[in-house]
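Analysis of the macromolecular model
Residues per chain, in single letters:
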Amino acid sequence: MGIISWIVLGLLAGAIAKFLLPGRDPGGIIGTTLIGIAGAFLGGWLSARFLDRPIENQFFDLATWGAAVAGSFVLLVAYRILFGNSRD
């Protein structure tokens, strides 16, 4: 997949992670979007590196989507833990 596909996948994975973890985020919609993109890249890299699951060339590969959503979810949780009280 190309870089543009990973960005699109990251946007969608960030939205799915936000749906799974509702509530107010310290960064708002922009922060959640950026976390989604970073999480997609992180999840894809970790999946390829440590789980011996190569990145497929297809956009609709379920394992790639799972890795992207998992990476976004983990980064969103970490972001909330680190910066959760900044909007109080």
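The rules behind these values
- Residues numbered from 1 in each chain as written.
- Predicted model: local features only at pLDDT ≥ 70, side-chain atom pairs only at ≥ 80, totals over all residues.
- Heavy atoms only, no water.
- Helix = DSSP H or I, 4+ residues; strand = E, 2+ residues; numbered from the N terminus.
- Contact = heavy atoms within 4.5 Å.
- Areas by Shrake-Rupley, 256 points an atom, 1.4 Å probe, with all protein chains shown as cover.
- Expected span 1.5 Å × (residues − 1).
- Buried < 20%, exposed > 50% of the residue type's maximum accessible area, 1.4 Å probe, protein only.
- Arc of directions from axis to C-beta.
- Axes fitted to C-alpha atoms, helices over the stretch in contact; angles between N-to-C directions.
- Parallel < 35°, antiparallel > 145°, perpendicular 65-115°, else oblique.
- Left-handed = near helix turned anticlockwise from the far one by under 90°.
- Nonpolar A, V, L, I, M, F, W, Y, C, P; charged D, E, K, R; others polar.
- Patch = residues over 30% accessible without salt bridge, like charges linked within 9 Å, V, L, I, M, F, W, Y side chains within 5 Å.
- Salt bridge = Lys/Arg side-chain N within 4 Å of Asp/Glu carboxyl O.
- Phe/Tyr/Trp six-rings, centres within 6.5 Å; stacked < 30°, edge-to-face > 60°.
- Lys NZ or Arg CZ within 6 Å of the ring centre and 35° of its normal.

What follows concerns the overall build of the protein. When its secondary structure is counted, the protein shows three helices and zero strands. When contacts within the protein are restricted to residue pairs at least 6 apart in sequence, long-range pairs at least 24 apart make up 81% of them. Accessible surface, the protein: about 5,500 Å² in total, of which carbon and sulfur atoms supply 71%.

We now examine helix 1 (residues 3-20). Counted at 1.5 Å a residue, the expected span for helix 1 with its 18 residues is 26 Å, and the 25 Å between its end C-alpha atoms agrees. If you check which residues of helix 1 are buried, you get W6, L9, G10, A13, G14 and A17. Buried residues along helix 1 cover an arc of 145° about the axis, so they all sit on one side. When the buried face of helix 1 is taken as reference, the exposed residues oriented beyond 90 degrees from it are I4 and F19.

Right, let's talk about the packing of helix 2 (residues 28-50) against helix 3 (residues 62-83) for a bit. A pair of packed helices is captured by two measures, namely the crossing angle of their axes and the spacing between those axes. The N-to-C vectors of helix 2 and helix 3 enclose an angle of 125°; their axes lie 7 Å apart at closest approach. The pairing of helix 2 with helix 3 is recorded here as oblique in orientation. In the crossing of helix 2 with helix 3, the sense of the turn from one axis to the other is right-handed. Along the contact surface, helix 2 presents I35, G36, A38, G39, A40, L42, G43, G44 and S47, while helix 3 presents A67, A68, G71, S72, L75, L76 and Y79. Of the residues that constitute the contact of helix 2 with helix 3, the class distribution is nine nonpolar, seven polar and no charged.

With that settled, the discussion passes to a nonpolar patch on the surface. Taken together, I3, I4, I7, V8, L11, L12 and F41 make up a surface patch of nonpolar side chains, about 590 Å² in accessible area. Here the element with the most residues in the nonpolar patch is helix 1; it accounts for six residues. With respect to the helices and strands, I4 occurs in helix 1.

Once that is clear, we can look at the environment of A40. Mapped onto the elements of the fold, A40 is located in helix 2. As for A40 and G10, which are separated by 30 residues in sequence, their C-alpha atoms are 4.8 Å apart. In this structure A40 touches W6, L9, G10, A68 and S72, once residues within four positions along its chain are discounted.

For the rest of this paragraph, the subject is the side chain of S72. Position of S72 among the secondary structure elements: in helix 3. Excluding anything up to four places from it in sequence, S72 contacts A13, G14, A17, I35, G36, G39 and A40.

Attention shifts here to the packing of aromatic side chains. For the structure on display, the rule yields one aromatic pair. Geometrically, the ring pair formed by W45 and F50 is edge-to-face, given 5.9 Å between the ring centres and 85° between the ring planes. Directly above the aromatic system of F50 lies the positively charged group of R49, at a separation of 6.0 Å from the ring centroid.

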